[in-house]
Amino acid sequence: MTHDVLKEYRYQLKPVVRGYNHRTLYVNLSNGEIREKPVSEEMRKKFIGGKGFDLKLMWDATRETTQWDDPENEINIAMGPIAGNTNYPGSGKSIVTTISPATRIPVDCNVGGHFGPYLKFSGFDALEIQGKADRETLLYIDGDQGLVQILLAGEIPSDSHLLTEQLTEHFAKDEREKQHLSIVSAGRGAEHTWIGCLNFSYYDKRRKAMRLKQAGRGGTGTVFRDKKLKALVVKFSSLKGDSNHPADLKTVQETGLRLHREILALDDEQCRMRRQGTAHLVEVMNDYDLLPVMNFRYGSHPEGNKLASWVWEKRFTQNIPDGCWFGCTLSCAHAVDNFEPKTGPYAGQKVMIDGPEYETVAGCGSNPSIFDPEAVLEINFYCDTYGIDTISFGTITAFVMDCYQNGILNRERTGGLEFTWGNWRVACEMLHQMARGEGFGLVAGKGVRWMKAYFVKEYGADAGFLDDIGMEGKGLEQSEYQSKESLAQQGGYYMTNKGPQHDEAWLIFMDMVNNRLPTFEAKAEALHYFPLFRTWFGLQGLCKLPWNDIEPADNAQQAEPNKVPEHVQNYLDLYTAITGESIDKTEMIRQSERVYNFQRVFNLRLGHGKRIDDHPPYRAVGPVTVEEYESRVERYDKQLKEQVGVDPADRSTEEKLVILRKFRLDQYEQLLDAVYGRRGWTPDGVPTPEHLTAIGMDLPEVLALVSKHLR
Ligand code: SF4
C-alpha cells in the first residue's frame, strides 16, 4: 500500500512546557496549506485549552452564514493543559468540535484513545482542519520527525475496525511501534447520515488489537467524511511520565497516587467500573423508573434485567487493564472479544466490540425494546465500525418504532421493514442501509428532527404529536435517561449548549431520588454550577468519570457531597502543579463560565441559542398519551392532587393529561427564568454584555454580537 504525498510541512520539535505547546496546527484540505499558529496569552487565559481552543479557532475561521458542509467549517481537536499526564486517572481526553449537520451549531465531544495526547506531545495544543479535499485523503503527523503530510488515501477500507488495523500495520515498523500510533477515522455510515461519529484508536498490546473510542455526538464523523478525510494518523514514540513537563511533578504524582489507591480500595464496593464499566447503571435506572423504554414512554421494563450489569460482566474479557489512556486505574473501557455477528458484511467472522457502555445498552437496547444482549452487541459493533453514533441511532430507532406503532409509518413507507418493538433484525437492516446509503436508512440517518418534518410533509402526520414524541432538542437526539420526574434534569438536557446530552448536567438523583433541589433557586444553582464544573473537564482534556464514579470513603460526611469536594481539590492541585498557576474553586468555575458563555454566543451567531431553542419535546417532561398516564396513574393522580391542587376523581384520563401538561410546562418556563437569571442571561436566554464583561469574556466581537441580539 502506498500513499502518495500531496503536501508536506516540517516543523521544529519542542517540548511541552507546563502543559502547553503555545502553538496549534492548521491544515486546509482545499488548497493544501499547512501552518503553525501561535497561541496568544489572551487566548490561553480566556479559553484555557480543549473545547475553549477548539471553539475560538472555529469562531475565527467561520462566519454567521457558515453551514456544516461549507469548506470553511472545521473539525478541531484539542487537548488542554492537564491532558496527557499519566499520573492522574482519566487525563487522556481529546475534545472534538465542529458545526454539526444535526444542530447547525457547534457540537463538542469528549473522547478517549491516544490521538489527542500524542498530538499534543508531537507539538500542538490543537489541530484545526478546514477545507475539503478533492480526493480521499489522509493526514499524517509524525511527532518524532516534526513532519506533517497530506497523503492520498488510496485503496483502504472504509469501516473503522479494518481501516485502523490496516493503517496501523502500514505506519508501524514493528509490533512495538503500534503502541506509538493513533488513528482517527469514520466509517461508511458517516458518509450517508448526519449522525456520523469519529473513532479514536489506541493499541491494546494485551489483545494485540486496535481499540476504538468514539467522539459520538452531533455528526462529527459526517463532517469528517464530507471533507473526504479518510483518516488522521499521529505517531509519537517518546512518551514519558513527565512529557507534560509540569511545574511540580511531585504533586502531580502524589495526587494521582491517592486516587489510584482509592480506586483500588473502593471500586468493587461502589460502581464496579473496573469490572462492568458504565453498564452498572442499567439495573439502577430500571429500578428507579429512569431507563428509557419504548421511545421514552416508560422508565422500566420487566425484562430490563436481561441487559443488567452482571450480563455484561460475563461477556467482558476480565483481568485486562482496560484504560483508554495510560494511568487510568478506573479502567472502564471494556471489550467483548470473539463476537460473531449474525447479519451484515461481517456475519460469521470473529470481531472485537468496544463496549457496550450504558448509553449504548439503553439506547440500542431498552429504548427500542430490544432486550437481547447479543442483539445489542451486534448493533454496537456495526455502529462503531460504520461510524454511527449509538446514542442517536438508539433514539432514532425508538422514534421510528413509535411512529410505526402509531400508523405514521408502515411497510410501504419503510421499504418493507417492520418496525415492531424489539425487532432487532430490522434495526440492524436499517443500520446496514445507512452504511450502504440506501433505502429507509437514508431517511432515518438524517435524525429525528428532519424525520418529523418529512413525515408531516410526505405522510400528513400530526406535527404536534411528532413534536411531543420526537426526542430531540436543538436537532440532537436525547441521550438515554428518562427525565419526566426530574424538572432539573429536563433543564440539564434542554438548556445545554449543544443539545440534550447528559455530559453537562446529570441531576436526576440529586433532584428526583434525594430531593436535594426542592426550589427553583436550588435547581437554578445546580444548573449553573454543574454544567460549568463539567465544562472544566473539556477545557483540560480530562475524563469526568474519576470525578464521581468513585468517591472517597468519607464523601457523604462532607459539605456538598454531590460536588465530591476532595476530588475538586485534587483537580485544583493538579492544575496548579502542571501549569504553575494557582487557582481556587471560584476561578475554576470562571474559566468554564467564559467558554460556556462564548459557546452560547456562538450559537446566537449561527441563528440559534435563544429561549425558543431550549424547549423540550413534551415526552421529556410528562406523559403524552393516555396509555403513558395510566401506566403510572397513582403517581400522576397524586401529583395532581398535591402539587396542582386538582382532584383527579371523576376526571377522564384525557382531562388529567391536559391539566398535568399545563402544570409541567409552566414549571419548565419558571425554571428557564430562574436559570437564565442565575446565568446572567436575559429572559430570552441571551448573555448580557455586563455579564460577559464581568466574567472576562469581553472580546469586542462577542460584545458586538450580543448587543445586536439585545437591540
Ligand atoms: S474512566 Fe474510563 S473513559 Fe475515563 S479515562 Fe478511564 S478508562 Fe477512559
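The structure we're discussing is the one just above.
Since the structure is predicted, the reported quantities are computational estimates derived from the model, not experimental observations.

*Asks:* Help me get a handle on the pattern of salt bridges, residues and values and all.
*Replies:* One pass over the structure, following the stated rule, counts 67 salt bridges. Among the salt bridges present, the one from K51 reaches D108, with a minimum N-O distance of 3.6 Å. With a gap of 57 residues between them, K51 in helix α2 (residues 51–61) and D108 in strand β6 (residues 106–111) connect regions that are remote in the sequence. Of the two residues, K51 and D108, neither departs from the other in class, the shared state being buried. D614 is paired through a salt bridge with R600; the nearest N and O atoms lie 3.0 Å apart. Of the two residues, D614 is situated in the loop between α24 (585–605) and α25 (626–631) and R600 in helix α24; the sequence distance between them amounts to 14 residues. Residue class for D614 comes out buried when judged on its relative accessible area of 0%. In this structure R600 comes out as buried when scored by relative accessible area, which is 0%.

*Asks:* Would you mind going over the environment of A102 in detail, with residue names and values included?
*Replies:* Counting through the fold element by element, A102 comes out in the loop between β5 (94–99) and β6. For A102, a relative accessible area of 17% corresponds to the buried category. For the pair A102 and V633, spaced 531 residues apart in sequence, the C-alpha separation works out to 36 Å.

*Asks:* Tell me about the side chain of S160, residues and numbers included.
*Replies:* The residue S160 is located in helix α4 (residues 160–171) in this model. Looking at S160, the relative accessible area reads 0%, which means it is buried. At 2.9 Å, the side chain of S160 forms a polar contact with the side chain of N199. Not counting residues up to four positions away in its chain, the partners in contact with S160 are S185, A186, G187, N199, L212, D384 and T385.

*Asks:* Give me the environment of I105: which residues, what numbers.
*Replies:* By the secondary structure assignment, I105 is in the loop between β5 and β6. The exposure class of I105 is buried, given its relative accessible area of 2%. With 215 residues separating them in the primary sequence, I105 and I320 have C-alpha atoms 39 Å apart. Contacts of I105, omitting those with residues within four sequence positions, involve T98, I99, S100, K474, N497, N603, L606 and H608.

*Asks:* I'd like a description of the environment of S237, backed by residues and values.
*Replies:* Within the secondary structure, S237 is located in the loop between β13 (229–235) and α8 (249–266). In this structure, the C-alpha to C-alpha distance between S237 and K178, residues 59 residues apart in sequence, is 9.6 Å. A distance of 2.5 Å separates a polar atom in the side chain of S237 from a polar atom in the side chain of D144.

*Asks:* So, the packing of helix α23 (residues 565–579) against α24: which residues are in play, and what are the values?
*Replies:* Running from N to C, α23 and α24 cross one another at 80°; their axes reach a closest spacing of 10 Å. Here α23 is positioned roughly perpendicular relative to α24, judged by the angle of their axes. Between α23 and α24, the contacting residues are V568, Y571, L572 and Y575 on the first element and K585, M588 and Q591 on the second. Of the residues in the contact of α23 with α24, the class split is 5 nonpolar, 1 polar and 1 charged.

*Asks:* Tell me about the site of the ligand, and please be specific about residues and values.
*Replies:* All residues in the neighbourhood of the ligand are listed as G90, K93, D322, G323, C324, C328, L330, C332, C543 and L545. Across the shell around the ligand, the residue classes tally to 6 nonpolar, 2 polar and 2 charged.

*Asks:* Which residues make up the nonpolar core, and what values go with them?
*Replies:* In terms of nonpolar packing, the biggest core is built from 192 residues, with L127, L232, F440, F455 and Y571 touching the most fellow members. Per element, the largest residue contribution to this core is 10 residues, and it comes from helix α21 (residues 520–540). Setting aside its immediate chain neighbours within four residues, F440 contacts V400, L409, R413, T414, L417, F419, M430, Q433 and F455.

Rules used throughout
- Residues numbered from 1 in each chain as written.
- Predicted model: local features only at pLDDT ≥ 70, side-chain atom pairs only at ≥ 80, totals over all residues.
- Heavy atoms only, no water.
- Salt bridge = Lys/Arg side-chain N within 4 Å of Asp/Glu carboxyl O.
- Helix = DSSP H or I, 4+ residues; strand = E, 2+ residues; numbered from the N terminus.
- Buried < 20%, exposed > 50% of the residue type's maximum accessible area, 1.4 Å probe, protein only.
- Polar contact = N/O pair within 3.5 Å; in protein donor to acceptor, adjacent residues only side chain to side chain.
- Contact = heavy atoms within 4.5 Å.
- Axes fitted to C-alpha atoms, helices over the stretch in contact; angles between N-to-C directions.
- Parallel < 35°, antiparallel > 145°, perpendicular 65-115°, else oblique.
- Nonpolar A, V, L, I, M, F, W, Y, C, P; charged D, E, K, R; others polar.
- Near = heavy atom within 4 Å.
- Core = buried A, V, L, I, M, F, W, Y, C linked by side-chain atoms within 4.5 Å.

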